[in-house]
Amino acid sequence: MKQMFLSICAGLTLFLTGPLAAQEPLRIIIDEAIIEPLPVAVPTFQAESAEASQLANELARVVAADLTGTGLFREIPSSAFISTVNDFNAPVQYADWKAINAQALVTGAVNVQGNNVNVKFRLHDVFSGAELGNGLQFSGTTEGWRRMAHKVADAVYARITGEGPYFDSRVVYVSETGPKDDRKKRLAIMDYDGANVQYLTDSNAIVLAPRFSPSGDRVLYTSYESGFPRIYVLDIGSVQRRVLESAEGTMSFAPRFSPSGQTVVYSLTQGGNTDIHSMDINSGQSVRLTNTPAIETAPSYSPDGTRIVFESDRSGTQQLYVMPATGGEAQRISFGEGRYGTPVWSPRGDLVAFTKQNKGRFHIGVMRLDGSQERLLTASFLDEGPTWAPNGRVIMFSRETQGAGGSSTLYSVDISGRNLRPVSTPSGGSDPSWSPLQK
């Protein structure tokens, strides 16, 4: 069969349908229980030029790490292989891969010419003995080879699970160094898996709560460099920034972009009272959205931009509320024991992630928009600051350990509460914000 390549520039239940029964496409359907992860084989990609030998192996390793890192896949080690893939275009010996219980096989080839890289791959359904979807190829530079690996893994993940991809994304966070009583903080950006860390600010002033724009090219954050908290917007490409002006004597913090990227919602403290405001990022015109004696903060827009979820102590304890994006009557949505904060609307629009404090423990949790189906995903001395992956299936957050020598580390967890994993960073990290998929 002729293969077409498309060129692009650079509590879960797994039910396996298709290959274990009729000759249907391999597919993982994500539901509410769990079985063993899907066995997948990712042989070293074929080097189609002398310069591609090292990248061929490294690309395959990143693809495998992306897939197994989801908890949905189990990589079959190369020591178990019966067949080898020596020619990307040669017929696949499906019986050999079936014999070692591989249910999915990813084959690829890499060509390097100067600073240019071309990567192509195929996904094979071993039990049906056929390719799953069309082959794809990605082109870019040698410096961007990891992005191409993430794109391959995204395509494999999406085809098998039917879920949206998320590997080709980045995370901005607060990098932390030094002891608890003298901690230095600066903004950093990295690939979703902790690779390619770059620093966006120095550590001369405390920085908090970086938040990506919907286009992924700007970051909002709060800085204390003036002595009071003020909101800045930073262009990631140029690392140029500007302050979002607020009235003298006020403190502004906890900003987030609207889905359009043209409006910022944030908290402003004036005269001892903290309310939520919105600002047109170009004109600087602001509108007050809440007006109560309570402390109201941590606003987050719904994906369609029509509503805002936020935290408030207007009921006497810290709880979650939803109101129209233009302000107005707010509806309380959290009713469990304890205090709720830092709500973040899922990209899918179906859930809100939050931090919960109850009986001396902190949790990351999710709930429906009416407050139903509350599910706590983690528990520790201090878990806080959830952020959603672009596909709405994984949450990243920061965890602080106890004691004078405690440190803060980034973790990720799926929305079932399974597959809790630390995210590797060069030093401590907090306040993560996940970008949309890169373009």
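Residues numbered from 1 in each chain as written. Predicted model: local features only at pLDDT ≥ 70, side-chain atom pairs only at ≥ 80, totals over all residues. Heavy atoms only, no water.

Asker: Hey, could you run me through the pairing of strand β26 (residues 339-345) in this one?
Answerer: Two faces make up the sheet, and in a regular strand the side chains alternate between them. When you tally the buried positions in β26, you get 5 out of 7 residues, the bulk of the element. One ladder, built from 5 bridges, connects β26 with strand β27 (residues 351-358); its direction is antiparallel. Across the sheet, residue Gly 341 finds its bridge partner in β27, namely Thr 355. In sequence, β26 turns back onto β27 through a hairpin of 5 residues, with Gly 349 there showing a positive phi of about 85 degrees. (Buried < 20%, exposed > 50% of the residue type's maximum accessible area, 1.4 Å probe, protein only. Helix = DSSP H or I, 4+ residues; strand = E, 2+ residues; numbered from the N terminus. Pairing = 2+ DSSP bridges.)

Asker: Help me understand the layout of surface pockets in this model?
Answerer: Estimates place the volume of the largest pocket at around 790 Å³. Considering the residues around the largest pocket, the lining is formed by 38 residues, among which Ala 209, Arg 211, Thr 342, Glu 384 and Asp 431 are closest to the centre. Every element with two or more residues in the lining of the largest pocket is listed here: β14 (207-212), β18 (251-257), β22 (296-301), β26, β27, β30 (383-388), β31 (394-400) and β34 (428-434). A class-by-class count of the residues in the lining of the largest pocket yields 15 nonpolar, 11 polar and 12 charged. Phe 212, Pro 214, Trp 345, Pro 347 and Trp 434 are the residues nearest the centre of the second largest pocket, which is lined by 24 residues in total. For the lining of the second largest pocket, the elements supplying multiple residues, two or more each, are β14, β18, β22, β26, β30 and β34. Residues belonging to the lining of the second largest pocket are distributed by class as follows: 14 nonpolar, 8 polar and 2 charged. (1 Å grid on protein atoms, 1.4 Å probe; cavity = no way out; pocket = protein on both sides within 12 Å on 5 of 7 lines; lining within 4 Å. Points joined across faces, edges and corners; volume = space filled by probe spheres on them. Nonpolar A, V, L, I, M, F, W, Y, C, P; charged D, E, K, R; others polar.)

Asker: Before we go on, may I ask you to explain the sheet that holds strand β25 (residues 331-332) in this structure?
Answerer: What holds strands together in a sheet is hydrogen bonding between their backbones, with the strands either parallel or antiparallel. Read from one edge to the other, the open sheet built from 4 strands follows the order β22-β23-β24-β25, with strand pairing classed as antiparallel. Two strands in the sheet have a free side with no partner beyond their single neighbour: β22 and β25. Here strand β24 (residues 319-324) runs beside β25; their pairing, made up of 2 bridges, is antiparallel. Bridged to Tyr 321 within β25 is Arg 332.

Asker: What exactly am I supposed to notice about the sheet that holds strand β16 (residues 230-235) here?
Answerer: Spatially, 4 strands are ordered β14-β15-β16-β17 in an open sheet, and the strand pairing comes out antiparallel. Strands at the two margins of the open sheet, each flanked by one partner only, are β14 and β17 (241-243). Across the sheet, the mean angle from the axis of one strand to that of its neighbour is 25 degrees, orientation sign disregarded. Both β14 and strand β15 (residues 218-223) contribute to a ladder of 4 bridges, which runs antiparallel. Within β15, the residue paired with Val 207 across the bridge is Ser 223. (Axes fitted to C-alpha atoms, helices over the stretch in contact; angles between N-to-C directions.)

Asker: What am I meant to see in helix α1 (residues 53-69) here?
Answerer: Quick reminder: α-helices carry 3.6 residues per turn. Residues three or four places apart thus point the same way. Between the first and last C-alpha of α1 there are 25 Å, a value that for 17 residues agrees with the 24 Å anticipated at 1.5 Å per step. Listed as buried for α1 are Leu 55, Ala 56, Leu 59, Ala 60, Val 62, Val 63, Ala 64, Asp 66, Leu 67 and Gly 69. Where α1 is buried, its residues contact β5 (46-47), β6 (73-75), β7 (104-113), β8 (116-125), α3 (145-161) and β33 (421-422). Within two residues after α1, Gly 71 carries a phi angle of roughly 80 degrees, on the positive side. (Expected span 1.5 Å × (residues − 1). Contact = heavy atoms within 4.5 Å.)

Asker: What's the story with the domain arrangement of the chain in this structure? I'm lost.
Answerer: Along its sequence, the chain is organised into domain 1 (38-161) and domain 2 (170-434). Computed over C-alpha atoms only, the centres of domain 1 and domain 2 are separated by 36 Å. Domain 1 puts 7 residues into the contact, and the matching count from domain 2 is 9 residues. Each partner contributes to the roughly 570 Å² buried at the junction of domain 1 and domain 2, and carbon and sulfur atoms together form 33% of this total. Counting the surface domain 1 buries against domain 2, the share from its top three residues, Gly 69, Arg 146 and Tyr 157, is 57%. Our count for the contact surface shared by domain 1 and domain 2 stands at 6 residue pairs in polar contact (both at pLDDT 80 or more). Looking at the side of domain 1 that touches domain 2, the elements that each hand over two or more residues are α1 and α3. For the side of domain 1 that touches domain 2, the leading source of residues is α3, giving 3 residues. A breakdown of the residues in the side of domain 1 that touches domain 2 according to their chemical character gives 1 nonpolar, 4 polar and 2 charged. (Domains from an automatic or database assignment. Buried area = accessible area lost by both parts, 1.4 Å probe. Polar contact = N/O pair within 3.5 Å; in protein donor to acceptor, adjacent residues only side chain to side chain.)

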